[in-house]
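Tertiary structure, described
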Amino acid sequence: MKIDRLLAMTILLLNRKRISAAELAEKFEVSTKTVYRDIETLCRAGIPIVSHQGVSGGFEVMERYTIGRQMLSSGEIAALRTAVKGAATVLDDRTFTDLTDKVQALLGSGGEASGPGVVFDFNPWGRSESVRGRVERLRSAVRESLRVEVRYLNMNGSESRRILEPSMLLMKGGIWYLQAYCLLREEFRIFRLSRMLELCETGEPFLPKPAPPLDTYEWSDDWDPAPRIEMSLRFQPEVRLRVTDEFDTALTEELADGSIRVKGLFAADDWFYGRMLSYGTGVIVESPREVAQEVVRRALGIVEAYTGDCI
């Protein structure tokens, strides 16, 4: 519908500094003539849209023009409040609490009942306040442009001392990461907060460097060099709940006897073997044979460690 396109176009212009007619035409799947007619309609409606000519030309809304409360539905405002409340669960910042109250005021009385039916709480159950404290210390270092020193557990299990210039905190998949310039490697890197064995504020200021956008980071095999191999794992019915939580359902198959077969590509590294041993008798590695033999070897090593005076 035209009215929906006009509203979407207005919001897009409010969120972009400048956008060309060709981009708008591609975005809304209409002709550029239709775009010009839509822009004229918006201008007649009182929205101050400025047109710029030339190679870098396009349309933009005049500065300091903002969207009105009446253009947001109660459901959209409730969704915004839910997102803000989610941020407040992991950040000890009065700003988010105050913002939650302000968004609630837009909803008015009874607004809670019209919410999106979703709750965002990024704090794991049973987790201590140490994670939040570390996040707050790093947020402070980012805001004040102060270097920090960390004792970091590397991917290969070794430790290293790093002086970092924090740039951005990132939560991905429920895990906190820090984007920072590493003086040791002389480049920007991503560090997992749970692998910071020690964190110290140095009090040393730094001049922030332009950081690469977070969306440019892609998975690198260098982060986990262990090759993936095709495996078949059969789990006993009594560990079904855990298997459901830990494996993609697309990889699982329920067998006639109630057991669950998981087939997929996995890295045969220390983490994998530790995971298999944690299931005890609840799992059998069906293939490949060499992986099954390695599980047995490690299990026997555990038995040997408990022989003699240990028991």
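One structure accompanies this document, and this report is about it. Quick caveat, the model's predicted, so the values are computed rather than measured. Position numbers for residues start from 1 in each chain and track the written sequence from start to end. With pLDDT at 70 or above as the cut-off, local features in this predicted model cover only qualifying residues; side-chain atom pairs require 80 or more to be listed or tallied, and sums for whole chains, interfaces and linings still use all residues. For side-chain calculations, the full set of non-hydrogen atoms in the structure is used, while hydrogens and water are omitted.

Thoughts on the packing of aromatic side chains
Aromatic contacts are taken between Phe, Tyr and Trp rings whose centres are within 6.5 Å, Trp giving its six-membered ring; a plane angle under 30 degrees counts as stacked, one over 60 as edge-to-face, and the others as tilted. The final tally for this structure, using the stated rule, is 8 aromatic pairs. Ring geometry for Tyr-36 versus Phe-59: centroids 5.6 Å apart, planes at 75°, classification edge-to-face. Here Phe-59 lies in strand β2 (residues 58–61) and Tyr-36 lies in helix α3 (residues 32–44), a separation of 23 residues in the sequence. Tyr-36 sits in the partly exposed class, given a relative accessible area of 48%. Taken together, the ring pairs connect Phe-235, Phe-247, Phe-266, Phe-272, Tyr-273 and Tyr-279 into an aromatic cluster. The rule is short: NZ of Lys or CZ of Arg within 6 Å of the ring centre and within 35 degrees of the ring normal puts a charge over the ring. Its guanidinium or amino end placed over the ring of Tyr-181, Lys-209 lies 4.4 Å from that ring's centre, counting from NZ or CZ. Sitting over the face of the ring of Tyr-279, Arg-242 holds its NZ or CZ atom 3.7 Å from the ring centroid. Starting at the N terminus, helices and strands are each numbered in turn, a helix being any DSSP run of H or I of at least four residues and a strand any DSSP run of E of at least two. The cut-offs for exposure are 20% and 50% of the maximum accessible area for each residue type, with area from a 1.4 Å probe on protein chains only; residues under the lower value are buried, those over the upper are exposed, and the others partly exposed.

Some thoughts on unusual backbone geometry
Cis geometry is adopted by the peptide bond preceding Pro-288, which originates at Ser-287 and carries an omega value of 0°. A positive phi angle, near 55°, is found at Glu-29, a position not held by glycine. Mapped onto the elements of the fold, Glu-29 is located in the loop between α2 (21–28) and α3. The phi torsion at Ser-145 lies on the positive side, around 55°, for a residue other than glycine. In this structure, Ser-145 sits in the loop between α6 (130–144) and β3 (146–153). With a relative accessible area of 15%, Ser-145 lands in the buried category.

A word on the pairing of strand β4 (residues 159–172)
Pairs of strands are assigned from DSSP output, requiring at least two bridges between the strands. Alignment of β3 against β4, held across 6 bridges, turns out to be antiparallel. The partner of Glu-149 across the bridge, within β4, is Ile-163. Between β3 and β4, which pair antiparallel in sequence order, lie 5 residues; one of them, Gly-157, sits at a positive phi of approximately 95°. Both β4 and strand β5 (residues 175–182) contribute to a ladder of 8 bridges, which runs antiparallel. In the strand pairing of β5, Pro-166 is matched with Ala-180.

Side note on the environment of Glu-286
Within the secondary structure, Glu-286 sits in strand β11 (residues 283–287). In this structure the C-alpha to C-alpha distance between Glu-286 and Leu-233, which are 53 residues apart in sequence, comes to 5.6 Å. Once residues within four sequence positions are removed from consideration, Glu-286 is found in contact with Ser-232, Leu-233, Arg-234 and Arg-261. We call two N or O atoms a polar contact when they sit within 3.5 Å, provided that within protein one can donate a hydrogen and the other can accept it, with sequence-adjacent residues counted only if both atoms are side-chain atoms. In terms of polar contacts, Glu-286 uses its side chain to reach the side chain of Arg-234, at 2.9 Å. By definition, residues are in contact when any of their heavy atoms lie within 4.5 Å.

As for the sheet that holds strand β7 (residues 196–205)
The strands that make up a sheet are held in pairs by hydrogen bonds between backbone atoms, and each pair lies either parallel or antiparallel. Read across the sheet, 5 strands follow the order β6-β5-β4-β3-β7 without closing on themselves; strand pairing throughout is antiparallel. Every other strand in the sheet has two partners, leaving β6 (187–192) and β7 as the edge strands with one partner each. Averaged over all pairs of adjacent strands, the angle between strand axes in this sheet comes to 45°, irrespective of strand direction. Here the axes come from fitting lines to C-alpha atoms, over the contacting stretch only for helices, and the angles between their N-to-C directions go from 0 to 180 degrees.

Observations concerning helix α9 (residues 289–305)
Multiply 1.5 Å by the residue count of a helix minus one, and that product is the helix's expected span. Between the first and last C-alpha of α9 there are 25 Å, a value that for 17 residues agrees with the 24 Å anticipated at 1.5 Å per step. Turning to α9, its buried residues are Val-291, Glu-294 and Val-295. Considered in projection along α9, the buried side chains sweep an arc of 100° and stay on one side of the axis. Residues of α9 that are exposed and point more than 90 degrees away from the buried face comprise Arg-289, Glu-290, Arg-297, Leu-300, Val-303 and Glu-304. In this structure, the buried residues of α9 make contact with β8 (228–235), α8 (270–278) and β11. Arc definition: it is the arc formed by the directions from the helix axis to the C-beta atoms.

What about the nonpolar core?
Core analysis: the largest hydrophobic core is formed by 17 residues, its most contacted members being Leu-233, Phe-235, Val-243, Phe-247, Val-262 and Phe-272. When residues of this core are traced back to their parent elements, those giving at least two are β8, β10 (260–267), α8, β11 and α9. Contacts of Phe-247, omitting those with residues within four sequence positions, involve Phe-235, Thr-252, Val-262, Phe-266, Arg-275, Met-276 and Tyr-279. In these notes, a set of buried Ala, Val, Leu, Ile, Met, Phe, Trp, Tyr and Cys residues joined through side-chain atoms within 4.5 Å is what counts as a nonpolar core.

Points about the packing of α8 against α9
Running from N to C, α8 and α9 cross one another at 70°; their axes reach a closest spacing of 10 Å. By the angle between their axes, α8 is roughly perpendicular relative to α9. When you trace α8 past α9, the crossing you get is right-handed. Of the residues in α9, those in contact with Asp-270, Phe-272, Tyr-273 and Leu-277 of α8 are Val-291, Glu-294, Val-295, Arg-298, Ala-299 and Ile-302. For classification purposes, angles smaller than 35 degrees are called roughly parallel, those larger than 145 roughly antiparallel, those between 65 and 115 roughly perpendicular, and all remaining angles oblique. Crossings are classed by handedness, with left-handed meaning an anticlockwise turn of the near helix from the far one by less than a right angle and right-handed meaning a clockwise turn.

Quick notes on α8
All of the buried residues in α8 are Phe-272, Tyr-273, Arg-275 and Met-276. Taken end-on, α8 shows its buried residues confined to a sector of 160°, consistent with a single buried face. Every exposed residue of α8 that faces more than 90 degrees away from the buried side is listed here: Asp-270 and Trp-271. The inward-facing, buried residues of α8 contact β8, α7 (240–246), β10, β11 and α9. Just beyond α8, the residue with positive phi is Gly-280, at close to 60°.

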